[in-house]
Amino acid sequence: MSRLGTIRNILIVLAIAAAVEFLPGGTRAADTFRAVLWTVFAIGIGYVGVRLYREHRISLYSLGSRHRAILYGAVAVGALLLAGRARMWQTGGGEVAWFVLAGAVVYSLVVVYRFWRSY
């Protein structure tokens, strides 16, 4: 990319940032765009999850009910930890609980991985 193209792109980003900051309703438009962007991101993550499940269905069922439940529980708790990190870190006890649960998630995933690699 040429130097003029880079300067043009920087100026475009600065113009958009100035419009969001100084025009009336710019903050609301930025919040709406951010919400749409996060929604598209969440849909993309869900799609990847469905594809991975379909591609590895036999491996998942070969784990057995116990280890499959551990895996699904660890993924669910991990998702809740990511979603609730900001609120949990507002107190000292919540922060300790967050780290304990994160450790439990990692431990659970290691248990499932070791069982999967054992045969």
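In what follows, the accompanying structure is described. Remember, predicted model here, so these are calculated numbers, not experimental data.

Rules used throughout
- Residue indices begin from 1 for each chain and proceed along its sequence in written order.
- Whole-chain, interface and lining totals are the exception, using all residues; otherwise, since this is a predicted model, local features are given only for residues with pLDDT of at least 70 and side-chain atom pairs are given and counted only at 80 or more.
- Excluded from the side-chain calculations are hydrogens and water; all other atoms, namely the structure's heavy atoms, are used.
- A side-chain nitrogen of Lys or Arg and a carboxyl oxygen of Asp or Glu constitute a salt bridge if their distance falls within 4 Å.
- Under the DSSP-based scheme used, a helix requires at least four consecutive residues in state H or I and a strand at least two consecutive residues in state E, with every element numbered from the N terminus.
- Ring pairs are drawn from Phe, Tyr and Trp, using the six-membered ring of Trp, whenever the two centres fall within 6.5 Å, and their geometry is named by plane angle: stacked under 30 degrees, edge-to-face over 60, tilted for the rest.
- Note on exposure labels: buried denotes an accessible area under 20% of the residue type's maximum, exposed denotes more than 50%, and partly exposed covers the range between, all computed with a 1.4 Å probe on protein chains only.
- Distance and angle both matter: a charge sits over a ring if NZ of Lys or CZ of Arg is within 6 Å of the ring centre and within 35 degrees of the ring normal.
- The length a helix should cover is 1.5 Å for every residue beyond the first.
- The term polar contact refers here to a pair of N or O atoms within 3.5 Å; inside protein, the definition further demands a hydrogen-donor-capable atom paired with an acceptor-capable atom, and it admits residues adjacent in sequence only when both atoms are side-chain atoms.
- By nonpolar core is meant a set of buried Ala, Val, Leu, Ile, Met, Phe, Trp, Tyr and Cys residues that side-chain atoms within 4.5 Å join together.
- A cavity, in this analysis, means grid points on a 1 Å lattice covering only the protein atoms where a 1.4 Å probe fits yet has no way out; a pocket is instead an open set bounded by protein on both sides within 12 Å along at least five of seven lines, and a residue lines either one if it has an atom within 4 Å of a point.
- Grid points are joined across faces, edges and corners, and a volume is the space filled by probe spheres set on the points.
- Polarity classes work like this: nonpolar for Ala, Val, Leu, Ile, Met, Phe, Trp, Tyr, Cys and Pro, charged for Asp, Glu, Lys and Arg, and polar for all others, with Gly in that last group.

## Digging into the pattern of salt bridges
At step 1: By the definition in use, this model includes two salt bridges.
At step 2: With a closest N to O distance of 3.1 Å, Arg-51 and Glu-55 form a salt bridge. Highlighted residues: Arg-51 and Glu-55, both in helix H2 (residues 26-55), separated by four residues, approximately one helical turn.

## Overview of the packing of aromatic side chains
At step 1: The final tally for this structure, using the stated rule, is five aromatic pairs.
At step 2: Relative to Phe-41, the ring of Trp-38 has its centre 5.5 Å away and its plane inclined at 85 degrees; by these criteria the two rings are edge-to-face. Of this pair, Trp-38 and Phe-41 are both found in helix H2, three residues apart, which corresponds to roughly one turn of the helix.
At step 3: Residue classification places Trp-38 among the exposed positions, given a relative accessible area of 56%.
At step 4: Taking the relative accessible area as the measure of exposure, Phe-41 reaches 48% and is therefore partly exposed.
At step 5: With a centroid separation of 5.1 Å and 90 degrees between ring planes, the pair formed by Trp-98 and Phe-99 is classed as edge-to-face.
At step 6: Owing to a relative accessible area of 15%, Trp-98 belongs among the buried residues under this scheme.
At step 7: Ring pairs connect the aromatic residues Trp-89, Trp-98 and Phe-99, which therefore count as one cluster.
At step 8: Its end group placed over the ring of Trp-89, Arg-85 keeps NZ or CZ at 5.1 Å from the ring centre.

## Some points on helix H5 (residues 92-117)
At step 1: Spanning 26 residues, H5 covers 38 Å between terminal C-alpha atoms, matching the ideal 38 Å at 1.5 Å per step.
At step 2: With a side-chain oxygen positioned 3.1 Å from the backbone nitrogen of Gly-94, the residue opening H5 is Thr-91.

## Describing the nonpolar core
At step 1: Judged by nonpolar contacts, Ala-74, Leu-81, Trp-98, Ala-102 and Val-105 together constitute the single largest core of five residues.
At step 2: Contributions of two or more residues to this core are made by helix H4 (65-88) and H5.
At step 3: Considering each element in turn, this core owes the most residues, three residues, to H5.

## Some details on the environment of Trp-98
At step 1: Mapped onto the elements, Trp-98 comes out in helix H5.
At step 2: When the C-alpha positions of Trp-98 and Met-88 are compared, they lie 6.7 Å apart, and in sequence the two are ten residues distant.

## Describing the layout of surface pockets
At step 1: In this structure, the largest pocket spans a volume of roughly 470 Å³.
At step 2: Along the wall of the largest pocket there are 14 residues; nearest its centre are Leu-52, Leu-60, Leu-71, Tyr-72 and Val-75.
At step 3: Mapped by element, the contributors of at least two residues to the lining of the largest pocket are H2, helix H3 (57-62), H4 and H5.
At step 4: Of the residues contributing to the lining of the largest pocket, the split by class is eleven nonpolar, three polar and no charged.

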